[in-house]
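This is what each chain is made of:
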Amino acid sequence: MLEDTPGIHHVTGIVGDAQSNLDFYAGVLGLRLVKRTVNHEDVLRYHLYYGNGDAALGSLLTAFPYPGDPPGRLGKPGIAAVAFVVPPDSLGYWADRLAAHGVDVGGPERRFDERVLRFEDPDGTRVELVTGGSPLEPWTGGPIPVESAIRGLHGVTVLPANPYATASTLETLGFDLVNEEPDAGDAANGTRRTDGTTGEGRGTRVRYRASGEVATVVDVLDRDAAYGREGPGTLHHVAVRVGSESDLYDWHDLFRERDYHVSRVRDRHYFRSLYVRGPGGVLFELATEGPGLAADEPVESLGESLVLPDWAEEDRGMIESQLPPLDPPPSGGAGT
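The structure reproduced in this document is the subject of the present report. These figures come from a predicted structure and were not determined experimentally. (Residues numbered from 1 in each chain as written. Predicted model: local features only at pLDDT ≥ 70, side-chain atom pairs only at ≥ 80, totals over all residues. Heavy atoms only, no water.)

1. Some thoughts on the nonpolar core
Part 1: Grouped together as the largest cluster of nonpolar side chains are 67 residues, with contacts concentrated most on V11, L29, L129, V156 and L286.
Part 2: With six residues, helix α1 (residues 18-28) is the largest single contributor of residues to this core.
Part 3: Among the nonpolar cores identified, the runner-up in size contains 12 residues, and Y49, F271, L293 and V307 belong to it. (Core = buried A, V, L, I, M, F, W, Y, C linked by side-chain atoms within 4.5 Å. Buried < 20%, exposed > 50% of the residue type's maximum accessible area, 1.4 Å probe, protein only. Helix = DSSP H or I, 4+ residues; strand = E, 2+ residues; numbered from the N terminus.)

Below is the structure:
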C-alpha cells in the first residue's frame, strides 16, 4: 500500500547567472547555500541548493544556472510561483528590505487565512513570502534577524494545462482539497498577459495540502493563460517526499498503469527519484528522504566547496576549470 507524501521535498528553478542567484537567495533572502554541486545531466553546469541551517527537507530551493540562455516565459503548464514561510509580523521588515535592494514588491495581500508579499528574483522567477508557522529553525548565520528569517518552504502555485488532471495527480500523491477562492490572475502579480490584458478577476485558486508539518501546500490555478517556455526565470519542477527507493518503484508502476510519462528511478546522490508528468502538464519529482545533503560533507561546512558525485571525481580538474568562480555568500551573525 503506497503511503501519502507528507509534503514537498524541494523546488527547482532554471536561472541565468549563478553569482546573481547566490547573491539574491543567500544575500538578500538570507537562505543558506547548503550544497554546491553539479547538474547530473550536465556536469559543466552548477546545481546550487539553498535551505535552512541543517538543509532540512521542506526548506530546499535548488537552481540550475544556464548563463546566456534566452529567458523563459511563465505560462501553462508550469509552476507559477514558489512560496516561503516567514513569521506573521515580519512582512513590514521584508517589504523594506526588498525595496532597499531594488526589488519591486506587491502586497501584502490576503490569501485564504494568510498574508502574502510577491516579488521576482533577478531572473524573473516569481517568489512569495507567506505568513505562518513552521517547526523548522531558520538559518542564523546570514544577514537576516532570526525573528524575521525564512523558516522554510510554504509551497508552490501551479498553472496546469488541465487543472482537473493535475488535481487528480495531487490526490493520488496524498494531497487533500482544503479550500478555493477567486484568483486575480496575472494582475495580482504586477504583470500583464501576453494579449495585453491583465486577466484580473479570472479564474480560481484551489488549495491542496499534504499531511506533514512543513512545505505542504500546492495551489492549483484554474484560469486562462498563454503557454509558457522553459528557461531562466521559470520553475522546472516540484519534488515531493517518499519514504524509500522501493516506494519509488511502486509509484513508477502505478503511474505507468495510468499512462503518465514516468522516468526511470535515478540516483541523485543525495536521494533517489523519478519524474512524473501527467495530463495536466506539470512536472513532479518523487524523491526519497535520504541519504540527505549531509551525506558527503559535515553540516557545519555545507555549501562551502564544490562537491561532486563519485563518478565525476576523476574529472574534477576539467569540471572546475569550466565552472565560473563563485564569491562566497555573506556570513556572520544574523541581523548584520
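Structure's up, so let's keep going.
2. Here we look at the pairing of strand β17 (residues 283-288)
Part 1: Of all six residues that make up β17, six are buried, and the element is covered over most of its length.
Part 2: As judged from the five bridges shared by strand β13 (residues 234-242) and β17, these two strands associate in the parallel manner. The residue bridging R241 from the neighbouring strand is A287, located in β17.
Part 3: With five bridges joining them, strand β16 (residues 272-277) and β17 adopt antiparallel strand pairing. Residue pairing across strands places V276 opposite F284, the latter belonging to β17.
Part 4: Counting the residues that bridge the hairpin from β16 to β17 gives five residues, and of these G281 lies at a positive phi of roughly 90°. (Pairing = 2+ DSSP bridges.)

3. Digging into the pattern of salt bridges
Note on pairing: side chains with opposite charge can pair once their charged atoms come close.
Part 1: One pass over the full model with this rule turns up 17 salt bridges.
Part 2: Among the salt bridges present, the one from R316 reaches E313, with a minimum N-O distance of 2.9 Å.
Part 3: As a salt-bridge pair, R316 and E320 come within 2.9 Å of each other at their nearest N and O atoms. With R316 and E320 both in helix α5 (residues 316-322), this residue pair falls four residues apart, about one helical turn.
Part 4: The class for E320 is partly exposed, based on a relative accessible area of 41%.
Part 5: One network of salt bridges, in which partners are shared, links E114, D183, R205, R207, D219 and R223. (Salt bridge = Lys/Arg side-chain N within 4 Å of Asp/Glu carboxyl O.)

4. Some remarks on a negative patch on the surface
Part 1: Residues E3, D4, E171 and D176 make up a contiguous surface patch of negative charge.
Part 2: Mapped onto the secondary structure, D176 falls in strand β10 (residues 176-182). (Patch = residues over 30% accessible without salt bridge, like charges linked within 9 Å, V, L, I, M, F, W, Y side chains within 5 Å. Areas by Shrake-Rupley, 256 points an atom, 1.4 Å probe, with all protein chains shown as cover. Lys, Arg positive; Asp, Glu negative; His and termini not counted. Charge placed at Lys NZ, Arg CZ, Asp CG, Glu CD.)

5. Points about α1
Part 1: The element α1 is extensively covered by neighbouring structure, given that nine of its 11 residues are classed as buried.
Part 2: Taken together, the buried positions of α1 are A18, Q19, N21, L22, F24, Y25, A26, G27 and V28.
Part 3: One or two residues past the end of α1 sits G30, with phi positive at roughly 80°.

6. Description of the environment of P163
Part 1: Positionally, P163 belongs in helix α3 (residues 163-173).
Part 2: Spatially, the C-alpha atoms of P163 and P279 are 9.1 Å apart, while their sequence positions differ by 116 residues.

7. Quick notes on the pairing of strand β2 (residues 32-39)
Part 1: Taken across its eight residues, β2 has eight buried, putting it largely inside the fold.
Part 2: As judged from the seven bridges shared by β2 and strand β3 (residues 42-51), these two strands associate in the antiparallel manner. Counted as the bridge partner of V38 is Y46 from β3.

8. Structural notes on the side chain of R241
Part 1: Inspection of the secondary structure assignment puts R241 in strand β13.
Part 2: Those residues in contact with R241 that lie beyond four places of it in its chain are T5, P6, G7, I8, H9, L57, V214, A287 and E289. (Contact = heavy atoms within 4.5 Å.)

9. With respect to the packing of aromatic side chains
Part 1: One pass over the full model with this rule turns up seven aromatic pairs.
Part 2: Where Y49 meets Y270, the ring centres are 6.3 Å apart and the plane angle is 75°; that geometry is what we call edge-to-face. With a gap of 221 residues between them, Y49 in strand β3 and Y270 in the loop between β15 (266-267) and β16 connect regions that are remote in the sequence. For the residue pair Y49 and Y270, the accessibility class agrees, reading buried in each case.
Part 3: Ring geometry for Y93 against W94: centres 5.5 Å apart, planes inclined by 80°, an arrangement best described as edge-to-face.
Part 4: Relative accessible area serves as the criterion here: at 0%, W94 is assigned to the buried category.
Part 5: Each member of the aromatic cluster is reached from another via a ring pair, and the members are F24, Y25, Y50 and F119. (Phe/Tyr/Trp six-rings, centres within 6.5 Å; stacked < 30°, edge-to-face > 60°.)

10. Quick notes on the environment of V156
Part 1: Locating V156 in the fold gives a position in strand β9 (residues 152-159).
Part 2: Residues V156 and E128, 28 residues apart in the sequence, show an inter-C-alpha distance of 9.2 Å.
Part 3: When sequence neighbours within four positions are dropped, the list of residues in contact with V156 reads I8, V11, I79, A81, V82, V217, V218, D219 and V238.

These results come straight from atomic positions and should not be treated as a statement about function.
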